[in-house]
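Spelled out from the first residue to the last, the chains are:
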Amino acid sequence: MAKRLKYFNEVQIMRNNMELVKDTNGSVSVTPEEVTVQDRGTFVITYTVGDDPIHIGGHIDSQAYSQILSTLEGTFNLNPILLLPPVVVLVLIFMRKPTIPVFGIGILLAAVLAVAVQGKGIKEVLSAMTSGLGISTDMALVDSMINRGGLLSMMPSVALIIGAAVFSSALKATGVFQMFLDAIQKYATGRKSLLGFSYLLHLILASFTGVYLVTFSIVGPILGPMFDKYDLDRKNLSRMLEDTGTAFSPIVPWSNISIFILGTLGVSSFQYVLYAPITYLGVVFAAIYIITGFGIFNRKGEMLIKEKK
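Note that this is a predicted model, so its numbers are computed, not measured.

J.: Just to check I follow, could you spell out helix α11 (residues 256-265) for this structure?
T.: Counting along an α-helix, one turn takes 3.6 residues, and residues three or four places apart therefore face a common direction. All of the buried residues in α11 are Asn-256, Ser-258 and Ile-261. Residue Gly-266 follows α11 closely and has a positive phi angle near 75 degrees.

J.: Explanation requested: the UniProt feature "transmembrane region" (unreviewed entry) in the protein chain in the structure shown.
T.: As annotated by UniProt and renumbered to match this structure, "transmembrane region" (unreviewed entry) occupies residues 76-95, 102-119, 158-180, 200-224, 245-266 and 272-297. Summarising residues 102-119: 83% helix, 0% strand, and an end-to-end C-alpha distance of 25 Å. Taken end to end, residues 272-297 comprises 69% helix and 0% strand; its first and last C-alpha atoms sit 33 Å apart.

J.: I keep staring at the packing of aromatic side chains and nothing clicks. Help me out?
T.: Scanning all chains against the criterion turns up four aromatic pairs. On the basis of an interplanar angle of 55 degrees and a centroid distance of 5.2 Å, the ring pair of Tyr-212 and Phe-216 is categorised as tilted. Taken together, the residues span about one helical turn, with Tyr-212 and Phe-216 both in helix α9 (residues 212-229) at a distance of four residues. Geometrically, the ring pair formed by Tyr-289 and Phe-294 is tilted, given 5.7 Å between the ring centres and 55 degrees between the ring planes. Through successive ring pairs, a cluster of aromatic residues spans Phe-285, Tyr-289 and Phe-294. The ring of Phe-297 carries the charged tip of Lys-235 above its face, separated from the ring centre by 4.1 Å.

J.: Would you mind going over the pattern of salt bridges with me for this structure?
T.: Counted according to the given criterion, the structure contains two salt bridges. One salt bridge connects Asp-231 with Arg-191, and the closest N-O pair in it is separated by 3.2 Å. Remark: Arg-191 occurs in helix α8 (residues 191-209) and Asp-231 occurs in the loop between α9 and α10 (234-246); sequence separation between them is 40 residues. Residue classification places Asp-231 among the partly exposed positions, given a relative accessible area of 25%. One salt bridge in this structure joins Arg-234 and Asp-228, with 2.6 Å as the shortest N-O distance. You can call Arg-234 partly exposed: its relative accessible area is 42%.

How each quantity is defined
Residues numbered from 1 in each chain as written. Predicted model: local features only at pLDDT ≥ 70, side-chain atom pairs only at ≥ 80, totals over all residues. Heavy atoms only, no water. Buried < 20%, exposed > 50% of the residue type's maximum accessible area, 1.4 Å probe, protein only. Helix = DSSP H or I, 4+ residues; strand = E, 2+ residues; numbered from the N terminus. UniProt positions renumbered as here; feature names shortened; annotations may be inferred. Phe/Tyr/Trp six-rings, centres within 6.5 Å; stacked < 30°, edge-to-face > 60°. Lys NZ or Arg CZ within 6 Å of the ring centre and 35° of its normal. Salt bridge = Lys/Arg side-chain N within 4 Å of Asp/Glu carboxyl O.

Now the structure itself:
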């Protein structure tokens, strides 16, 4: 049976268990599969009756909103000290500390606070880290908000990255990447041509593999010495990787970013791009910078706008 989207003219949701959905023709008792809070007081609930998904939107009144807050306050110890992990992480990021230790410190602080402030045991904390929080309150809406996360919830994306890494390793071992780099060394006769070929190379490789994190670790270290040879600051290399990797990735339909967007927003990469011009404008402006020399810097930090090829 083809799935159809049904809208109810009148919706009544019992505040305590949120199991009763009533329309103008009668009522059915179902259990919500998904409750999404869009903003303060606004929600969308997804039910399935038979083969038909039912999406219901509405507004939570002040009484229900107060009940949500009271449920959270009754379930957790909402202490301002719980803001410490994100604050510490942000401070360390602004201090340009290494990424992995920074997030490790944030995770460790959060685990310590879960034990010290929330009174959770080490086993519960480790379980939440692995499979997400799993507690039950008196409100299904609150349960849907807090019972998520964990390492296992990220496994589809992690598995995709691992698969792409294995695939890319084969390309590197067979000399495919080196072939492209040899072509750059052969035809790059100046700074602008090196930048142009670098953009083209990483654009092709990142699109081919679908996971820019893999190509970052391969292309970056190999192109670094070439940028040094042509007296180009490596921040030009960093921007190239971001323009053709991080920003451009949502355009590639088979990339892990596009798959994530499709799963969370329900839109294809082509639909997403219409509302995210940053995905392709980075490459457009990069071409302008390369041609004009504006925004391109040598290793002394001087802009190359007046230099010729």
